[in-house]
Structures are given as C-alpha cells and as structure tokens.
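Chains, contacts and geometry: an overview
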Amino acid sequence: MTDTSDRGERTLIERYDAASIEPAWQARWTDLGLYRTDLDDQSRPTYYLLTMYDYPSGNLHIGHWYVKTPTDAIGRYHRMRGENVFMPVGFDAFGLPAENAAIKNRVHPREWTMQNIDHMRRQLRTMGAAFDWDAEVVTCDPSYYRWNQWLFLQLLNAGLAYRAKAPVDWCPNDGTLAREQVEGADRRCWRCGAKVEKRDLDQWWLRITKYADELLDFSGIQWPDPIRIMQTNWIGRSEGGEIVFTTAASAHHTGGEDLRVFTTRPDTLFGATFMVLAPEHPVVASLTAPERRAEVEAYVAHARSATEIERLSTEREKTGVALGAEAINPISGERIPIYVADYVLGGYGTGAIMAVPAHDERDFAFATQFDLPIRRVVAEPGTEDAALDEAFVSHAPTDRLVNSGPYSGLPADEGGRAIVAALAEQGAGNAAVTYRIRDWLISRQRYWGTPIPIIHCDQCGPVPVPENELPVLLPDVVDYQGSGENPLARDEAFLRVTCPSCDGPARRETDTMDTFIDSSWYWFRYLSPEKAGGPIDRALVDRWTPVDQYTGGAEHAVMHLLYSRFFTKAMRDIGLVHEDEPFRRLFNQGQILGADGERMSKSRGNVQDPDELIARYGADTIRLFLMFMGPWDQGGPWSASGIGGVYRFLNRVWAIAIDPTGTDRGDQEAGRLPAGQDIGVAEAAIRTAAHRTLRDVTIDYEGFRFNTMVARLMELSNALYRYRGTPAAGGRAWDEGVRLLLLMLAPAAPHITEELWSRRLATAGTGWSSIHLEPWPQVDAGAVIEETREVPVQVNGKIRDKVVVPADVSDADLELAVLAAPKVMAALSGRTPDRVIVAGGCRLVNLVVRG
RNA sequence: GCCGGAGUGGCGGAAUCGGCAGACGCGACGGUCUCAAACACCGUUGAGGGCAACCUCAUCCGGGUUCAAGUCCCGGCUCCGGCACCA
C-alpha cells in the first residue's frame, strides 16, 4: 500500500499503479480474513453464491476469469446489501485428462493433478476475488471421495443403484474409450489407430428415470427458460400407448410371440403397414428367416457401430432389412412385414415400433425407400382422398379417422382412446408413458476416479463394502498405462479380498465412478469440508442451502445440472437433506473462445493467458474489461482490443478521486464550467448524474448486466471529469459523486476502489475500514426527477422534429405543442393529421396523414 | 440430424411491454500539449447524396402484420453450445 503521509509534498499527480496496489490489498484482505464466512452468523440473511468448480487442467486462462470475476462482483454487491455471503472454490480433480497426461508423460495422475491445483490456487488469488479458501473441496482427496462411496451405498440400499450390461466403445489395445477418443467416420482409436468395437460390460447405473416426472417440475426454482426447455426435452416424456402385436406363424417360426410397441399415436393403428425392430431388439435373431440371416446379421453388426446421432439423423437415407417374418395387428388382424432398422433405438420405448408411414415422417421416408404401402387413417374433413406427398403428422381437434374399420368417422383423439380401450379389454395394449432419458451409467473403466465400493464374490455375487471399511482407497502405485484391461484389475493387492459376507475369496470392483458424481453434491460439502462423521453437516445445510445463486457455463445445461437435481432429490428421499432442489437461481454465462473462434484448448494453441495482461494493466482492468465486453451470457471470441479504454477509465477514476483540482494539458477549456452553467447548475447536474447512475447500476447488478453497468460508470466518470479543475470540483456534490462512483465500482474493481477509499478516509482523518464492508448507497429520489423531457415527433412514421415539454405534460397539451413545432408544420404542409398517436407514457408522437 | 442460443457501424456491443437504431468503448481521422515521438487531452466518425436547411438508405436474407418492426408472425441462411465415457 502506498504511504499517504507525503502526498502533500508531491508536485506531480501520483499515477495509478495497479502492480503496487493489488498484491498489497490482496495480502491485507487475507490477513484480515475479510472473506472468511462465519457460517454460524445468525444476524444477517445468508447468500450462498456458487460458481462451478474447475477441472485442474494446469493453467488458469482468461475463460476462468470470465466465469469467476463477474460472480465475485455479484458476491461483493450482495455483501454490501447486508447479506452474509458464502463463496467457496474447489477442484473437480478426478477425470480423464490426468490419466491421459500420465500415460503421455509418465507422471502419476495424483502428482500431475496436485501440482496443477497448487499452481491454479496461486493464479486464482491474483483475481482479487472474495473466495472463502477455508471451504475448499478437492474431489480426488479420500476425505471427499469416501463420501461418494458412502452415498453410492445409500443409493444401493434405497434401490436407486443397480447393475446391468451396457455397450462401450472398446479398443483392443487401450480398452474403453470416451466418445472424444474415437476418431473419424471409420471409428478408430485416437491413441493407436486400431478399429474401435463395441463391447457389452456389466456396469453400475443410477435410477434417475425414477425421478423423471419430478425433474420435469421446475416450479421451485428460477432457472432460465432455455435450460428448462433443454432439460424438459432431454427427459422427453411421451404419453401414448403400448400395443401388443403377435408374430405370425411362418415356415421357419411357430409364431404367437408378443411384440410390444410403444406409440404416441394409437389412433393411427389401422395405418400400420409394417413394423420395425431396433437392431438391439432381443427377438431379431429368432424371427429372422434362414435365407435372410446373413443380411440381417451384417446389418445389425453395422448398426451397432453407428452413433446415435447418425442413426437419428433425418437427413440420412433410411436403411433397414426385412426379417422375412410378419406380425399380426391386434385390432385388424392384418399381417404386416417386420423390418430391422437403425432409426429405431433399442433403449427407447420398447425398442419396437408399428410404422405408420402416412402419419410419421421417419416411417414415411422408410416406406418410400422400401416401396411399402402408405395408408391414410387420419384426415381433415374433406381431405380423406387427398394424395399424401409427405407424412400428415399434425393433429387438430377436427381431424377424423378414416380407413379404420368401426372407428372410421370418429374424431382422431376419441378414436385413439377407443382403440386403446378395446385393446386393453383383450389384453393387447394399455395407455403408457415413456421417456427419452435413460438411467445414469456411472461405471468407468479408469484408474483416476472414485473406486466403486463393491466386492464380487462367486458365492454371494456383488456385495457392498461395509461402511466402516470406507474409504476404499485408490491404490497409489498402479499400472495405469493403457493395455486394454482396467488399471485397478492389475493391482493384485487391491483386487484380492475376502468376501465381507462369506469370508470366501473375492475380488474388488475395478470400475471407478463417473466424475459427474463428484459434482452432484459438492456444494453440500463446501459447508463442512473437514467433517469426518458424515458427508454433510445437516444444520449448516439446512441453514445455507439451496444455493441462492449458481453460475456456470451453458455447456452443462443438461447433464451436470440434471444430475445435481437428481442427487438432491435422492439425498432427500434417503433422509440426508430436506430440500427438493440444489440451486434456487441459475445463470449460464457464455464461453470465451480463442481468438480463432474455437474453444480454448492447449492442443489448439489458442489459450489466452491472463498473466501478461495482469502485468500490463492489473487485475481490476481485466475484470472490468471482461464484464464490459458484452452480455455475460453470450461469451465470444477473445480479443484484447478495447482493454486500453477500460484502463483509461480507471486512470480517470484515479485522477478524479485523487486530484479534483488538476487539469489536463491540451485541454483549452480546462478549469472552466460548461457554457451557461454556474456552480449551482453544475452541482445539480453532478448530483443528478450520480444518483441516476446509482439507480441504473443497481438494476444492472441485480440483472447481471455488467456490460451496461460499466458503461454507466464510464458515463458518470466522464461527467465528473468534465468538472475536474472547475469551481465545482471538490465541492459537496462532487464529493458525493466521487463517493458513489467508488462504492458502485467496488464490487467490480475491488483493488483500486479500496485504495482510493482508504485515501479518502485518511484525508478525512477517519479510521480505516474496508470499502467492501460499506453498505450499498441509497438513491436520492429527488435528485433523479426530470423537469422537462424531449419528445420525438413522427409524421407518417418518420422522425421530423422534437419538442421539449414539461415532464408531466398531458396528452392534449403535448398534441398542441407538437402541432406548433416548425418542422412538423413544414412536414404537414397545411394538411390536418388523420390520426394522432401518442405512444404510452408520452414517449413519442406519430401524426398520420393520408395522401 | 435433433434440442437450445446468437446474427445490429471497420470492431466489441446498446436499445427488446412494438415507439428517437448505434449508449459506452475500441479503431480511424483532425487538433492541443511536446524539440519530436509516445502518453494524455479536445473534437469528428453508420452508408450515400446535397452549397445548405435537409433528403434517401440501413439491424443476416426473403415475405407478412402494424400508425410505427432490430423487437411480433411465416420461410430460409450462417455461427456457437449440448446430444448421455471431455468436464
């Protein structure tokens, strides 16, 4: 900190020097424990502000600053509003990159991760953010992941975890691959280039589908519409019916087997002209006619290697193969051919559909491709015989069934219900709901994750590790180099155990957990990161959660944010917490891309390191610049052009606060009040500017509109700067203006404002206290009232003139003033307006004249 | 492909309960200061036309609704995020 005692002896203005101010204040704040939250303080309302924790990739880049510094401003603003703010940080420390780095550089994942965390901690401190470092969580620490294991066991007890097979992408050399590790259209391993295959493995799942309906209810939270829509679509609830078709007897098959299909349109049952099974459907093999076997098997094998995105593409030509078997329509008795096609997914609905090409776009495309009949069964009145050149999918209340036997003529909706009822009576169908969302597969065939606390015994099957034996520690020395096998399976000491239930020889589960588990409850742990007797401190959790405000990238819109909601509900049902939702309010900020418009990544070499910017401008300038760039939810490519303007702004603030009487070389008007103003007018203008800014900036902070917040502070500083060196500078209005400017700027630029604030206090001879503990100022309503206003006047929608009228003018008086305005009279050229439209609140007048 | 978002001066962006398009900043141009340059400061700056007062055009493209459209509706294009093992 700068010693202020010798200021009077200086002849030149002391320059703004961020490099000397910022580290000093950061150190002092830490010494004072200014941002250590007293979680037990009952005197103020709590405000839990959470920003998504980081993966410790090694270096903080400008994207981290973009995420964190506006969040910090929110926290500081709320603190000034009198709330007890809790803003923790931590590290999402398990995951693939550590293991990839380990394989590549022969560093242990733990070492790599912990070094990165150390480095990032130091870098995080340079932001000057008000993080409470006492609350840090590091997920790869056994004190954290043991509770992942504990929670898993509770979920297992509650019937929310189970074991089932799932296909994974498999490389013969490197084992399971993540999606991003499978490259190219021919699907090769990124590391060794081998052809990637699918392999079915027994894996652990969490029953998120049980909560599907509850997850569709957002009534308890204030989240942005787009996120709610995406989650709703992701869950994908569909109402309809299940209909049981029967296989027909044929030369190679006895028939009589049930084939259940799910449909959202039971009303179109009479229009089913063929049936499609997913390649994964269990009866595909047994239904296939011998002469079709080779073709069907080849098709199924090929379909399994395609991604879901490819399979569901409506652009791609439909493919499929006839099985050489038929199914019987339960209501019409009609026999229709059965196909296998990859546009039907094994995991959705029943994995089988009745295809109604007349009323489904995908079925229509398939039928056209394979020359199958298309039979209209729903029509708008009068269009019953109209040809179909595309699927007729809309259903209006006036639509009626046609070609539907006894149901023909019924309104489509009613007919659909009647058909379901008839089917139910004969045991061939029922109303049903299905979801797009699948259960959450949490098994990973990796080393660097939370070991799943299960022991496999030949006698007893999978047995949970007893709670008192937790944590199952991740062994330190393990051969995690890729070799196809699970890394933990190669550690004999880890692997070989006795069964907790029968004491016989057994082996540990060698899969680890998805890292989304870590992030599905970490905000609870922040409240008591050291607690040994359980995952959470119930009293603190009850007082502090749900999190008041969560901020993070929109790339997490669905998965992380949905898993967190699911976990909270599951923990509630287990009796661990009371609430239904994790995050009351959510804000998804945008993403900073590299200068090339691509996502910042080391491999692309487009990462912007903030360190050189800090050295040149200081943290406050960067913080402010990131907020000023544009709307926070937008992000965009990084460009430092413009940062100089923000730096100039801070220099002006510095000059205004430290030297009100100074003037600038080169300014011929320096020291003079603006034309036509005396001191009274000038001071009133300053007061109005300051309080209007306060009014607007407050709204901007509340709405996270940081770009306009900074713009408004720039306007205020420009307004004050105009009076610098004039008789109005240093007066009461000026002093209040400076005070408000600093207070409003404090959440966004904490260092320079703290420095200038401490100098003000020193000058005033008051004892020091931090600006960040000041209350948010009050708007003086009297100072913001305007006496007159300028109203634009249009003639036939084009601006022709402006009139200045009293602010409380009546519509009638306004109209008189408008008609007397010279340019309006010229534009009317003697004509009388046919209509006079006064926009609401006298914002604008439009005169409409014909001819 | 499907779901979600965005497209406004040379650039980042402002203005969305339908009411002055371009706040604020960058850049550019002119000037002041300086021996000079840099810094700083003052001014101009959407495009086109006109001596001027002013006029015309302009918010991705094409239609539409309206006294009035960046904003609402219909159709398209481009870019960004997600699509279940990156986090």
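**Focus: the overall build of chain A**
Within chain A, the secondary structure is distributed over 26 helices and 33 strands. With respect to the three principal axes, the spread of C-alpha positions in chain A is 105 × 85 × 50 Å. For chain A, the proportion of its 851 residues judged to be buried stands at 53%. For chain A, the accessible area works out to roughly 37,600 Å², and carbon and sulfur atoms hold 49% of it. Here chain A contributes 90 positive and 117 negative side-chain charges, whose respective centroids are spaced 3 Å apart.

**Considering the packing of aromatic side chains**
Applying the stated criterion across every chain yields a total of 44 aromatic pairs. A centroid spacing of 5.5 Å and a plane angle of 85° characterise the contact between Trp632 and Phe706, whose relative ring orientation is edge-to-face. Taken together, the positions of Trp632 in the loop between α18 (619–628) and β29 (635–637) and Phe706 in helix α21 (residues 706–722) put the pair 74 residues apart, joining distant regions of the chain. The pair Trp632 / Phe706 is uniform in exposure class, with both members buried. Against the face of Tyr343 rests Lys318, its NZ or CZ located 5.3 Å from the ring centre. Its guanidinium or amino end placed over the ring of Phe392, Arg376 lies 5.5 Å from that ring's centre, counting from NZ or CZ.

**With respect to the sheet that holds strand β2 (residues 84–86)**
With respect to topology, four strands assemble into an open sheet ordered β2-β1-β26-β27, the strand pairing being parallel. On the outer flanks of this sheet lie β2 and β27 (583–589), each paired with one strand and no other. Going across the sheet, the axis of each strand differs from the next one's by a mean of 20°, ignoring polarity. Of the strand pairs in this sheet, strand β1 (residues 46–51) and β2 are connected by three bridges, and their pairing is parallel.

**Considering the sheet that holds strand β31 (residues 798–806)**
Reading across from one edge, β31-β30-β33-β32 is the order of the four strands in this open sheet, with mixed pairing throughout. Across the chains shown, the open sheet's two edge strands, defined by having one partner strand only, are β31 and β32 (835–838). Each adjacent strand pair in this sheet contributes to an overall mean axis angle of 20°, direction not counted. The strands touched by helix α25 (residues 811–820) within the sheet are β30 (788–795), β31, β32 and β33 (845–848), with β31 carrying the most contacts at an inclination of about 125°.

**A closer look at the protein's contact with RNA strand B**
Among the 72 residues in the neighbourhood of RNA strand B, the closest are listed as Asp92, Gln445, Met629, Arg800 and Asn846. Near-protein atoms of RNA strand B (within 4 Å) split between backbone and bases, with sugar and phosphate holding 66%. A distance of 3.4 Å is found between a sugar or linking oxygen of RNA strand B and a backbone nitrogen or oxygen belonging to Leu177. Contacts to RNA strand B include Asn707, whose side-chain N or O atom sits 2.7 Å from a phosphate oxygen.

**With respect to unusual backbone geometry**
Following Leu470, the chain continues to Pro471 via a peptide bond in cis, the omega torsion being 0°. Along the polypeptide, Pro471 turns up in the loop between β22 (461–464) and α13 (492–495). Residue Pro546 is reached from Thr545 by a cis peptide bond, and omega for that bond is 0°. Unusually for a residue other than glycine, Asn403 sits at a positive phi of about 50°.

**A closer look at the pairing of β33**
In the sheet, β30 pairs with β33 via three bridges, with the strands oriented parallel. In the sheet register, Val793 faces β33, and the bridge partner there is Val845. Where β32 and β33 come together, four bridges link them in antiparallel fashion. Residue Ile837 lies in a different strand from β33, and its bridge partner there is Asn846. Between β32 and β33, which pair antiparallel one after the other, the connecting turn spans six residues, and Gly841 there sits at a positive phi close to 75°.

**So, the environment of Leu742**
Mapping Leu742 onto the fold places it in helix α22 (residues 732–745). The spatial distance from the C-alpha of Leu742 to the C-alpha of Glu361 is 61 Å, given a sequence separation of 381 residues. Setting aside residues no more than four positions away along its own chain, Leu742 makes contact with Val653, Thr753, Leu756, Trp757, Arg760 and Ile771.

**Some thoughts on the environment of Asp664**
Topologically, Asp664 is positioned in the loop between α19 (643–658) and α20 (679–702). Ignoring sequence-local partners within four residues, the contact set of Asp664 consists of Ala670, Tyr721 and Arg724.

**Side note on the packing of α19 against α21**
Viewed as axis vectors pointing N to C, α19 and α21 meet at an angle of 45°, and their least axial separation amounts to 10 Å. The angle between α19 and α21 falls in the class oblique. Viewed along their axes, α19 and α21 form a crossing whose handedness is left-handed. Where α19 approaches α21, its residues Gly645, Val646, Phe649, Arg652, Val653, Ala655 and Ile656 are matched on the opposing element by Leu713, Met714, Ser717, Asn718, Leu720 and Tyr721. When its residues are assigned to classes, the contact of α19 with α21 shows nine nonpolar, three polar and one charged.

**Description of the packing of α19 against helix α23 (residues 750–764)**
Their axes nearest at 10 Å, the elements α19 and α23 cross at an angle of 5°. Overall, the two elements α19 and α23 adopt an arrangement that is roughly parallel. Packed against α19, whose contacting residues are Leu650, Val653, Trp654, Ala657 and Ile658, the element α23 presents Ile752, Glu755, Leu756 and Arg759 at the interface. The class makeup of the residues in the contact of α19 with α23 is seven nonpolar, no polar and two charged.

**Some points on the pattern of salt bridges**
Within this structure, the stated rule accounts for 48 salt bridges. Across the pair Asp174 and Arg191 runs a salt bridge, and its minimum N-O distance is 3.9 Å. Of this pair, Asp174 sits in the loop between β5 (161–171) and β6 (175–177) while Arg191 sits in the loop between β8 (188–189) and β9 (197–206), placing them 17 residues apart in sequence. A relative accessible area of 15% places Asp174 in the buried class. Arg584 is paired through a salt bridge with Asp548; the nearest N and O atoms lie 3.5 Å apart. Here Arg584, found in strand β27, pairs with Asp548, found in strand β26 (residues 547–553); they are 36 residues apart in sequence, far enough to count as distant. Among the residues examined, Asp548 registers a relative accessible area of 15% and is labelled buried. What emerges from the salt-bridge pattern is a single network uniting Glu214, Arg565, Lys569, Arg572, Asp573, Asp580 and Glu581.

**Description of the domain arrangement of chain A**
Taken domain by domain, chain A consists of domain 1 (33–145 + 517–589), domain 2 (161–206), domain 3 (238–434), domain 4 (453–510), domain 5 (611–783) and domain 6 (786–848). A C-alpha centroid distance of 22 Å is found between domain 2 and domain 4.

**Topic: the side chain of Asn606**
Mapped onto the secondary structure, Asn606 falls in the loop between β28 (591–593) and α17 (611–617). Judged by relative accessible area, Asn606 falls into the buried class, the value being 10%. With residues up to four places along the chain from it excluded, the contact list for Asn606 reads Gly594, Asp596, Glu598, Arg599, Met600 and Ser601.

**What to know about the side chain of His78**
Of note, His78 is situated in helix α2 (residues 62–80). Once residues within four sequence positions are removed from consideration, His78 is found in contact with Tyr47, Glu83 and Val85.

**A look at α23**
Its 15 residues give α23 an end-to-end C-alpha distance of 21 Å, which sits within 8% of 21 Å, the value for a rise of 1.5 Å per residue. When you tally the buried positions in α23, you get eleven out of 15 residues, the bulk of the element. Among all positions in α23, only Pro750, His751, Ile752, Thr753, Glu754, Glu755, Leu756, Trp757, Ser758, Arg759 and Leu761 are buried. Of the surrounding elements, those touching the buried residues of α23 are α1 (18–32), α2, α18, α19 and α22. Remark: Gly765 follows α23 within two positions and exhibits a positive phi of approximately 75°.

Rules used throughout
- Residue positions are counted from 1 within each chain, in the order its sequence is given.
- Chains and ligands are labelled sequentially in the order written, the chains with letters from A and the ligands with numbers from 1.
- Predicted model: local features are reported for residues with pLDDT of at least 70 only, side-chain atom pairs are reported and counted for 80 or more only, and whole-chain, interface and lining totals are derived from all residues.
- Neither water nor hydrogens contribute to the side-chain values; these are computed over all heavy atoms in the structure.
- Per the convention used, a helix needs a DSSP run of H or I reaching at least four residues, while a strand needs a run of E reaching at least two, with both numbered from the N terminus.
- Exposed residues in this analysis have more than 50% of their type's maximum accessible area, buried residues have under 20%, and partly exposed residues fall in between, with area computed by a 1.4 Å probe over protein chains only.
- Throughout, the Shrake-Rupley method with a 1.4 Å probe supplies accessible areas, and for residues the shown protein chains are the sole cover considered.
- The charge count treats Lys and Arg as positive and Asp and Glu as negative. His and the chain ends do not count.
- Lysine's charge is taken at NZ, arginine's at CZ, aspartate's at CG and glutamate's at CD.
- Within 6.5 Å between ring centres, the rings of Phe, Tyr and Trp (the latter by its six-membered ring) count as paired, and their orientation is classed by plane angle as stacked under 30 degrees, edge-to-face over 60, tilted in between.
- Put simply, a charge is over a ring when the Lys NZ or the Arg CZ is close to the ring centre, within 6 Å, and near the line of the ring normal, within 35 degrees.
- The criterion for strand pairing is that DSSP finds at least two bridges linking the strands in question.
- Lines are fitted to the C-alpha atoms to define the axes, a helix being fitted only along its stretch in contact, and any angle between axes, read from their N-to-C directions, falls within 0 to 180 degrees.
- Two residues form a contact once any of their heavy atoms are found within 4.5 Å.
- Put simply, a residue is near a molecule or strand once any heavy atom of it comes within 4 Å of that molecule or strand.
- Whenever a nitrogen or oxygen atom comes within 3.5 Å of another N or O atom, the pair is scored as a polar contact, on the condition that within protein one atom can donate a hydrogen and the other can accept it, and that pairs from neighbouring residues in sequence are kept only if both atoms are in side chains.
- Convention used here: angles under 35 degrees read as roughly parallel, angles over 145 as roughly antiparallel, angles from 65 to 115 as roughly perpendicular, and any remaining angle as oblique.
- Each crossing gets its hand from how the near helix is turned against the far one by less than a right angle, where anticlockwise is left-handed and clockwise is right-handed.
- Just so you know the grouping, Ala, Val, Leu, Ile, Met, Phe, Trp, Tyr, Cys and Pro go in nonpolar, Asp, Glu, Lys and Arg go in charged, and all remaining residues, Gly too, go in polar.
- A pairing counts as a salt bridge when a side-chain nitrogen of Lys or Arg comes within 4 Å of a carboxyl oxygen of Asp or Glu.
- Segment limits for the domains were obtained from an automatic or database-derived domain assignment.
- Take the residue count of a helix, subtract one, and multiply by 1.5 Å to get its expected span.

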